Amino acid sequence: MKILVADDHWVVRAGLKRLLKRLEENPEIVEANDYDDALAAADQNSDIDLILLDLVMPGRQGLDGLQEIHSRVPAVPIIVMSVLQERRDVLRAIEHGAMGYIPKSSNGDEIVKVVRLVLDGEICLPRALLERAQATGTRIDSSVIKTDTPADAPVPPFTKRQKDVLYLLAEGISNRDIARELGLSEHTVRIHISAILRTLKITNRTQAALFAAEYFGRRPGSAQD
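Bear in mind that the values here come from a model prediction, so they are computed numbers and not experimental data.

J.: I'd like a rundown of the nonpolar core, residues and numbers included.
T.: Among the nonpolar cores identified, the biggest contains 39 residues, and Ile 3, Leu 20, Ile 79, Val 115, Leu 166 and Ile 178 are the most heavily contacted of them. Considering every element that reaches this core, the biggest residue donor is helix H5 (residues 108-119), with 6 residues.

What follows is the structure, encoded as structure tokens:
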């Protein structure tokens, strides 16, 4: 596994490197200290599995930089790390391509948990934002984060491998079992799931499984037409 850590403070990068070593995959870390370095690293490392991105770095306006990196590597999940914690900032980051958002005030356990969840295809918002939304009755799944696919929506285009993964998701099996059945690594399966979620504009693998059951309803190669 390979993770790009982009932050203009070397102390932050060093701390994140230590934290990420707690992941089971013991990832290789690529570092960038501004947006130009981050874009170059994304272009030069086609096997990046995850990007941890500080919004406020030299070279780009925050959301513009996030959007540009996402456009370069749309299948790679991006987690934003920022001192900004307002609901509007978080949701705009998700709208511009992030799959996770970690306030820089978060502790190490919270950071590692979000990284793991995003690698498993989830979209993760800050706990404080979710708690505030629950207390006020605010819906997080607004027009920025679409969670429902209309029944009459056309089936989006998928690659053959993405279809294979989607069919297996419908069976409710784990990433490990999907990887074993398709002869892939687990982190490759995670990348395919992230791409599927973005294509469908949904937020988690459960919704992807429901989509697969409704639109495909079977495993590839069955007798059904």
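J.: Break down the environment of Asp 54 for me, with residues and values.
T.: If you trace the backbone, Asp 54 turns up in strand E3 (residues 50-54). For the pair Asp 54 and Tyr 35, spaced 19 residues apart in the sequence, the C-alpha separation amounts to 9.2 Å.

J.: For the pairing of strand E2 (residues 28-32), give the residues involved together with the corresponding values.
T.: With 5 bridges connecting them, strand E1 (residues 2-6) and E2 associate as parallel partners. When the sheet's bridge partners are listed, Val 5 is paired in E2 with Glu 31. Running through helix H1 (residues 10-20), the crossover from E1 to the neighbouring parallel element E2 is right-handed.

J.: Break down the environment of Gly 97 for me, citing the residues and quoting the values.
T.: As for its placement among the helices and strands, Gly 97 is situated in the loop between helix H4 (87-95) and strand E5 (100-103). Its relative accessible area of 3% is what places Gly 97 among the buried residues. Spatially, the C-alpha atoms of Gly 97 and Leu 66 are 7.0 Å apart, while their sequence positions differ by 31 residues. With near-sequence residues (within four places) excluded, Gly 97 lies in contact with His 70, Ile 78 and Arg 198.

J.: Please set out helix H2 (residues 35-44) residue by residue, giving values where relevant.
T.: Listed as buried for H2 are Tyr 35, Ala 38, Leu 39, Ala 41 and Ala 42. Viewed end-on, H2 has its buried residues packed into an arc of 160°, placing them on one side of the element. Buried residues belonging to H2 abut E1, E2, E3 and helix H3 (62-72). The opening residue of H2, the one whose side-chain oxygen lies 3.2 Å from the backbone nitrogen of Asp 36, is Asp 34.

J.: Residues and numbers for the side chain of Gln 162, please.
T.: Within the secondary structure, Gln 162 is located in helix H7 (residues 160-170). On the basis of relative accessibility, which here comes to 12%, the residue Gln 162 falls in the buried class. Among all residues touching Gln 162, those that are not within four sequence positions of it are His 192, Ala 195 and Ile 196.

J.: Explain the packing of H7 against helix H9 (residues 186-200) residue by residue, including any values.
T.: Closest axis-to-axis distance for the H7/H9 pair is 10 Å, and the angle between their directions is 90°. Our classification of the angle between H7 and H9 gives roughly perpendicular. For the pair H7 and H9, the contacting residues are Arg 161, Gln 162, Val 165, Leu 166 and Leu 169 in the first and His 192, Ile 193, Ala 195 and Ile 196 in the second. Taken together, the residues that form the contact of H7 with H9 break down as 6 nonpolar, 2 polar and 1 charged.

J.: Could you give an account of the pattern of salt bridges, naming the residues involved and the relevant values?
T.: Under the criterion given, the structure shown has 10 salt bridges. Between Lys 17 and Glu 31 there is a salt bridge, with the nearest N and O atoms lying 3.0 Å from each other. Here Glu 31 lies in strand E2 and Lys 17 lies in helix H1, a separation of 14 residues in the sequence. With a relative accessible area of 37%, Glu 31 lands in the partly exposed category. Two residues, Asp 177 and Arg 180, come together in a salt bridge whose shortest N-O distance is 2.5 Å. Here Arg 180 and Asp 177 lie together in helix H8 (residues 175-182), a separation of 3 residues that amounts to about one turn. What you see here is one network of salt bridges that share partners, running through Asp 7, Asp 54 and Lys 104.

About the cut-offs
- Residues numbered from 1 in each chain as written.
- Predicted model: local features only at pLDDT ≥ 70, side-chain atom pairs only at ≥ 80, totals over all residues.
- Heavy atoms only, no water.
- Core = buried A, V, L, I, M, F, W, Y, C linked by side-chain atoms within 4.5 Å.
- Buried < 20%, exposed > 50% of the residue type's maximum accessible area, 1.4 Å probe, protein only.
- Helix = DSSP H or I, 4+ residues; strand = E, 2+ residues; numbered from the N terminus.
- Pairing = 2+ DSSP bridges.
- Right-handed = clockwise from strand over helix to strand, strands pointing away.
- Contact = heavy atoms within 4.5 Å.
- Arc of directions from axis to C-beta.
- Polar contact = N/O pair within 3.5 Å; in protein donor to acceptor, adjacent residues only side chain to side chain.
- Axes fitted to C-alpha atoms, helices over the stretch in contact; angles between N-to-C directions.
- Parallel < 35°, antiparallel > 145°, perpendicular 65-115°, else oblique.
- Nonpolar A, V, L, I, M, F, W, Y, C, P; charged D, E, K, R; others polar.
- Salt bridge = Lys/Arg side-chain N within 4 Å of Asp/Glu carboxyl O.

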